[in-house]
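In case you want the letters, here they are:
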Amino acid sequence: MMDSAQGSAAVLSEAEVEDVNQLTNGLVPLPADVRAGSGCLEIASLRGICLNDLSALGVADIFRRTLDMWTGHMLASPDITDKECPGTVHLVLTPGSDIGTLSPLDTSAFGEHRISITERGIRISAAHAEGLHRGLATVVQMIAAADGVLPCGELRDRAAYRWRGLSLDVARKFQTVEEVKRVIDVLSLYKCNVLHLHLTDNEGWRLQINSWPKLTSEEFYSQEEFAQIVDYAAERFITVVPEIDTPGHCGAAIRAYPELGLAGVSTTGPFPAANLDPGSIHAKAFVREVLTEVAKLTRGSFIHIGGDESFGMDDAAHGLFVSEVVAFLREMGRTAIGWQETSRAEIGPSEIIQHWIDFGQHEPRPEGNDQEPDNEGRQSQEASSQRIPAEVLEMLKANFAKATGDKARTADKGAWVLASPTNNAYLDRPISEESLSRSQNDAKTGLGLAYYPATELRSYYEWDPVLVSQPVAPSLVLGVEAALWSETITSAADLELLLLPRLSAVAEVAWTARESRGWESYRKRIASHSSMWTRRDLHWFQSTSVAWSAT
Ligand code: TNX
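Along each chain, residues carry numbers from 1 onward, in the same order as the chain's sequence is written. Only residues with pLDDT of at least 70 are given local features in this predicted model, and only at 80 or more are side-chain atom pairs given and counted; all residues enter the totals for whole chains, interfaces and linings. Side-chain metrics in this entry use all non-hydrogen atoms of the structure; hydrogen atoms and water are not considered.

> Would you mind showing me how to read the sheet that holds strand 8 (residues 163–169) here?
In a beta sheet, neighbouring strands are held together by backbone hydrogen bonds and run either parallel or antiparallel to one another. Two strands qualify as a pair provided that DSSP identifies no fewer than 2 bridges between them. Only DSSP runs of H or I reaching four residues or more are called helices, and only runs of E reaching two or more are called strands; each is numbered from the N terminus. Read around the barrel, 8 strands follow the order 8-9-10-11-12-13-14-15 and close on themselves; strand pairing throughout is parallel. Here the strands of the sheet are splayed against their neighbours by 25° on average, with no regard to which way each runs. Both strand 14 (residues 416–419) and strand 15 (residues 477–484) contribute to a ladder of 3 bridges, which runs parallel. Bridge pairing in strand 15 links Ala419 to Val480. Residues are treated as being in contact if the distance between any of their heavy atoms lies within 4.5 Å. The convention used is that axes are lines fitted to C-alpha atoms, helices contributing only their stretch in contact, and that angles between N-to-C directions extend from 0 to 180 degrees. Where helix 5 (residues 223–235) meets the sheet, it contacts strand 9 (194–198) and strand 10 (239–246), and its direction lies at approximately 135° from that of strand 10.

> Which parts of the structure should I look at to understand the site of the ligand?
Around the ligand, the surrounding shell consists of Arg172, His249, Asp308, Glu309, Trp339, Trp356, Tyr426, Asp428, Leu449, Tyr452, Trp485 and Glu487. We call two N or O atoms a polar contact when they sit within 3.5 Å, provided that within protein one can donate a hydrogen and the other can accept it, with sequence-adjacent residues counted only if both atoms are side-chain atoms. At 2.9 Å, a side-chain N or O of Arg172 approaches an oxygen atom of the ligand. Contact distances for the ligand include 3.4 Å between a nitrogen atom and a side-chain N or O atom of Glu309. A total of 360 Å² of accessible area belongs to the ligand in isolation, and the protein chains cover 96% of it. Across the shell around the ligand, the residue classes tally to 6 nonpolar, 1 polar and 5 charged. Whether a residue is near a molecule or strand depends on its heavy atoms: if one lies within 4 Å, it is near. Only the protein chains shown count as cover for residues, and all accessible areas are computed by the Shrake-Rupley method using a 1.4 Å probe. The classification used treats Ala, Val, Leu, Ile, Met, Phe, Trp, Tyr, Cys and Pro as nonpolar, Asp, Glu, Lys and Arg as charged, and all other residues, Gly among them, as polar.

> Even after reading the chapter, I still don't get the state of the cysteines, so can you show me in this structure?
What makes a disulfide is a covalent bond joining the sulfur atoms belonging to two cysteines. Only a pair of cysteine sulfur atoms within 2.5 Å counts as a disulfide in this structure description. Summed over the entire model, instances satisfying the criterion amount to 1 disulfide. The disulfide bridge from Cys50 ends at Cys85, spanning 2.5 Å between sulfur atoms. Its torsion about the S-S bond being -105°, the disulfide of Cys50 and Cys85 is classed as left-handed. Taken together, the residues Cys50 in strand 2 (residues 48–51) and Cys85 in the loop between strand 3 (79–80) and strand 4 (88–93) connect sequence positions 35 residues apart. Just as Cys50 is buried, Cys85 falls in that class too. Just so you know, Cys40 is unpaired, no disulfide at all, and the nearest cysteine sulfur is the one on Cys152, 6.2 Å from it. Any residue under 20% of the maximum accessible area for its type is buried, any over 50% is exposed, and the rest in between are partly exposed; the area is computed with a 1.4 Å probe on protein chains only.

> Honestly, the packing of helix 17 (residues 502–511) against helix 18 (residues 519–526) in this entry has me stumped. Any pointers?
Relative orientation of the contacting elements helix 17 and helix 18 amounts to 130°, with a least axis distance of 11 Å. As far as their axial angle goes, helix 18 and helix 17 are oblique. Crossing of helix 17 over helix 18 shows right-handed handedness. Mapping the contact onto sequence places Ser504, Ala505 and Glu508 in helix 17 and Tyr522, Arg525 and Ile526 in helix 18. The residue makeup of the contact of helix 17 with helix 18, split by class, is 3 nonpolar, 1 polar and 2 charged. Roughly parallel covers angles under 35 degrees, roughly antiparallel covers those over 145, roughly perpendicular covers 65 to 115, and oblique covers all other angles. We call a crossing left-handed when the near helix sits turned anticlockwise from the far one by less than a right angle, and right-handed when that turn is clockwise.

> Is there a simple way to explain the environment of Tyr221 in this structure?
Position of Tyr221 among the secondary structure elements: in the loop between strand 9 and helix 5. Not counting residues within four places of it along the chain, the set of residues in contact with Tyr221 comprises Val170, Phe174, Gln175, Thr176, Val177, Val180, Leu199, Arg206, Leu207, Gln208, Phe226 and Ile229. One polar contact links the side chain of Tyr221 to the main-chain carbonyl oxygen of Gln175, over a distance of 2.6 Å.

> What am I meant to see in the sheet that holds strand 4 here?
Ordered in space as 1-7-5-6-4-2-3, the 7 strands form an open sheet in which the pairing is mixed. Strands at the two margins of the open sheet, each flanked by one partner only, are strand 1 (33–42) and strand 3. Where helix 2 (residues 57–71) meets the sheet, it contacts strand 2 and strand 4, and its direction lies at approximately 165° from that of strand 2.

> For this particular structure, what's the right way to read the pairing of strand 15?
For a regular strand, side chains alternate in direction, first toward one face of the sheet and then toward the other. Most of strand 15 is tucked away, with 8 of its 8 residues classed as buried. Pairing of strand 8 with strand 15 involves 6 bridges; the strand directions are parallel. Residue pairing for strand 15: Leu168 is matched across the bridge by Leu484.

> It is not clear to me how the packing of aromatic side chains should be interpreted in this structure. Could you clarify?
Two descriptors summarise a pair of aromatic rings, namely the distance from one centre to the other and the angle between the planes of the rings. Stacked, edge-to-face and tilted are the three classes for Phe, Tyr and Trp ring pairs, Trp counted by its six-membered ring, which pair at centre distances within 6.5 Å; planes under 30 degrees apart are stacked, over 60 edge-to-face, the rest tilted. On inspection of all chains with the given rule, the structure shows 18 aromatic pairs. Taken together, a centroid distance of 5.9 Å and an interplanar angle of 25° make the contact between Phe271 and Tyr451 stacked. Remark: Tyr451 occurs in the loop between helix 13 (438–443) and helix 14 (457–461) and Phe271 occurs in the loop between helix 6 (251–256) and helix 7 (281–297); sequence separation between them is 180 residues. Under the relative-accessibility criterion, Phe271 is labelled partly exposed at 23%. Ring-pair connections join several aromatic residues into one group, and the members of that group are Trp339, Trp356, Phe400, Tyr426, Tyr452 and Trp485. In this analysis the charged atom, NZ for Lys or CZ for Arg, is taken to sit over a ring once it is within 6 Å of the ring centre and within 35 degrees of the ring normal. A cation over a ring is seen here: Arg236 above Tyr232, with NZ or CZ 3.6 Å from the ring centre. Across the ring face of Tyr461, the terminal group of Arg517 is positioned such that the distance to the ring centre comes to 5.2 Å.

Read these as spatial facts, not as claims about activity.
In structure tokens, the structure reads:
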């Protein structure tokens, strides 16, 4: 793994490397290809935005507001022109381009673009509006990190993976529409393109469903509010993927409509067997009616069907249930995504399987860490087992034992894979480092699930989506999702402490090719982001792993 700031910098002199590092200063994720120029651009000389194509107007407008929000630098309203535009950020959609489809399966999802910085201004070109938007996130970060001037040069960039997401559990702890929008702003800043919302679980059902009105009672999104989230995300080229978790994790639904579950089953406590009754006609109608409504509320074609941890359910019944739900979504022209347990059902090459159960034995030994990887995996499993009550542990172990064949099954089926390994992508693990702030050191006690060992920022950075997905072919690894589960979250502040800086590390794993990444480089580049987070009043964890430039 390289630790220089540029992947393709095989034969650069030391001075040239320094120039490149200046250009990538404060950029996370690290761009693919960077060439230093000569001279520099005064940021104060940037006054406006120009565009050559009306279809980039929305992008320009969001950029203008976003730049102000993160940096306080205000540009004038956009002008449409074909001419040279000194003193502006100039957006150029290349001829023959289209606006893209807002789908993480589309090639526009790679967000390809070019940025050129000269003494006269900044020019960004792309074949899709989405590429412009991703490039503009780079410009926001450059301006935030700069000390009055930007070095001239050129960046060509594109994501390593098409799917770069966050799964957010708003079922265990509800978050307001405003808070979800703040999370979307963070995702956009790190070039992520998917917000997966875990909307239902044992603890609560958070989306209004007209045909089953008793599902929601106090804290939930009306369909109108959900549409607001979808629109806000779409303006930032982020697809919202709603998750309706079935047949397990259905406690809230069963409490509202007991006929959906088996009689006498407890729906509360840790890991209840709160499954829909696979033999019930009510449960079948329920799933179809709910998914029909949910499908109308999304812009993307994706619906997450959960499928995880249906404790106590017969394996064949689980497989059949999931297969029927997947087939129903196909009939509706939608794409099903399921947690890895759905690899045991009838899944095909157009579906997506999200791997999460991680045995920690696939990673090569990270640089500077002399523990054997196997050993590390075992140690962390032992440490966490001690915190789990014996009967729960038995159940989890049985579940994990079944999971050993999931990756091979996924590979056999030719389905797409999303990598969300618990060891590297679960943001709800307790935080291992100290914070620079005493109150955060108090706040972090009890934050993160105690079943997991405390985890450092570095673990979210040093992993490889292809390696953790083996034996799935690299070409079928669609991308990466971080997951933020909310069992221990009591407020928006808690959410943000687990989100930042961890999400930025996973976002770089998703965007930047592995050969170009390096922990030492990342921790230098992320250090200046604290000023953006603080400006926005985000509660970010002041981890001692990074020499933050502002706290
Ligand atoms: C497992 S990941 C779960 C969630 C928990 C999470 C805690 C998955 C599909 N299921 O229900 O919240 O672990 O990290």
